[in-house]
Amino acid sequence: MRIIRRVADMARWSENERRQGRRIAFVPTMGFLHDGHLSLVRDAKKRGDRVVVSIFVNPTQFAAGEDFAGYPRDFSRDSGLLEAENVDVLFHPAPEEMYPEACQTRVDVETLGKPLCGMLRPGHFQGVATVVTKLFNAVRPHVAIFGEKDYQQLQLIRRLVRDLMYDIEIVGHPIVRESDGVAMSSRNAYLTAKERRAAACLSRSLRKAQALVRRGEVSARTIIDTVGADLRSEPLATVEYVKVADLETLEDLEQISGAALLAIAVRIGKARLIDNQVLAR
Ligand code: AMP
């Protein structure tokens, strides 16, 4: 596995592979890898002749007071895990490499970045859209894989690729969960053992909502109230939002006709946890 730290070297490697007719699959991450990330990497192996994984904790997607400095990092462990997956390139640029001399250009996906997490994390999705654009320009992939765990991010990237006319296939990968249902996340490392047990309330409440919809519930209000009450019954949890939204526009829905997104964000201890479920009848 090659470790590349410079944008110019990354682009040169990719151009060389492209000239030889190879398909490049890309998995962007912020590192501190878990089995969810590795599942995306295995998906990438099936979709490309070469696999590039990036590890970059992107400063511009963290607001002041968020966990940028404390975000968990373990580069040597991560590179060992990726090597074992036979990844071809680990792209690991320094912040100065990605954002040289006070960059002036930002990428803003106008409406998809506003609801859900965008309401509570102003500027977050502009940071995400900007860094993903830059990573695409450095890595030049044919296909890129993103987790449905960050559903809003996935939809925003799909829009960005259409709007900016990138010739990149975007693949959504299902949420990978621990045995008790908790969605895998680097931020689970912030939880104490007791908080980690409490975190099961997120996926439990989503499963219950899906069961209600299967039994014929169509009112978003009823789903939101039920999920909200379930989450609030966990003393260690503080609810940030519970929303039922359109799968593509992410706008609030009142009725569930066909399929809808149920998205939740909850604080437990030092961690802000998100999870979601596509509700289908
Ligand atoms: P992150 O390092 O948290 O920025 O995540 C990198 C990529 O892995 C993103 O596309 C995430 O959506 C995806 N991802 C993270 N956790 C999971 C999970 N539990 N299941 C599926 N995808 C995930």
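So, here is what we can say about the structure in this document. Everything numeric here is computed off the predicted structure, so don't read it as measured data.

With that settled, consider the pairing of strand S3 (residues 50-55). Most of S3 sits out of view: five of its six residues are buried. Following the backbone out of strand S2 (residues 24-29), through helix H2 (residues 35-47) and into the adjacent parallel S3, one traces a crossover that is right-handed. Of the strand pairs in this sheet, S3 and strand S4 (residues 89-91) are connected by three bridges, and their pairing is parallel. Bridge pairing links valine 53 to leucine 90 in S4.

With that settled, consider the site of the ligand. By nearness alone, 16 residues border the ligand, and His37, Gly147, Asp150, Val176 and Met184 come closest of all. A distance of 2.9 Å separates an oxygen atom of the ligand from a polar backbone atom of glycine 147. One nitrogen or oxygen atom from the side chain of aspartate 150 is found 2.6 Å from an oxygen atom belonging to the ligand. Taking 490 Å² as the accessible area of the ligand by itself, protein coverage stands at 92%.

Inspection of helix H3 (residues 75-84) places Asp78, Ser79 and Leu82 among the buried residues, and these make up the whole buried set. The buried residues of H3 all sit within an arc of 95 degrees when viewed along its axis, so they share a single face. Residues of H3 that are exposed and point over 90 degrees away from its buried face: Ser76 and Ala84. Buried residues belonging to H3 abut strand S1 (2-4), H2, S3 and S4. Remark: asparagine 86 follows H3 within two positions and exhibits a positive phi of approximately 60 degrees.

How each quantity is defined
- Residues numbered from 1 in each chain as written.
- Predicted model: local features only at pLDDT ≥ 70, side-chain atom pairs only at ≥ 80, totals over all residues.
- Heavy atoms only, no water.
- Buried < 20%, exposed > 50% of the residue type's maximum accessible area, 1.4 Å probe, protein only.
- Helix = DSSP H or I, 4+ residues; strand = E, 2+ residues; numbered from the N terminus.
- Right-handed = clockwise from strand over helix to strand, strands pointing away.
- Pairing = 2+ DSSP bridges.
- Near = heavy atom within 4 Å.
- Polar contact = N/O pair within 3.5 Å; in protein donor to acceptor, adjacent residues only side chain to side chain.
- Areas by Shrake-Rupley, 256 points an atom, 1.4 Å probe, with all protein chains shown as cover.
- Arc of directions from axis to C-beta.
- Contact = heavy atoms within 4.5 Å.

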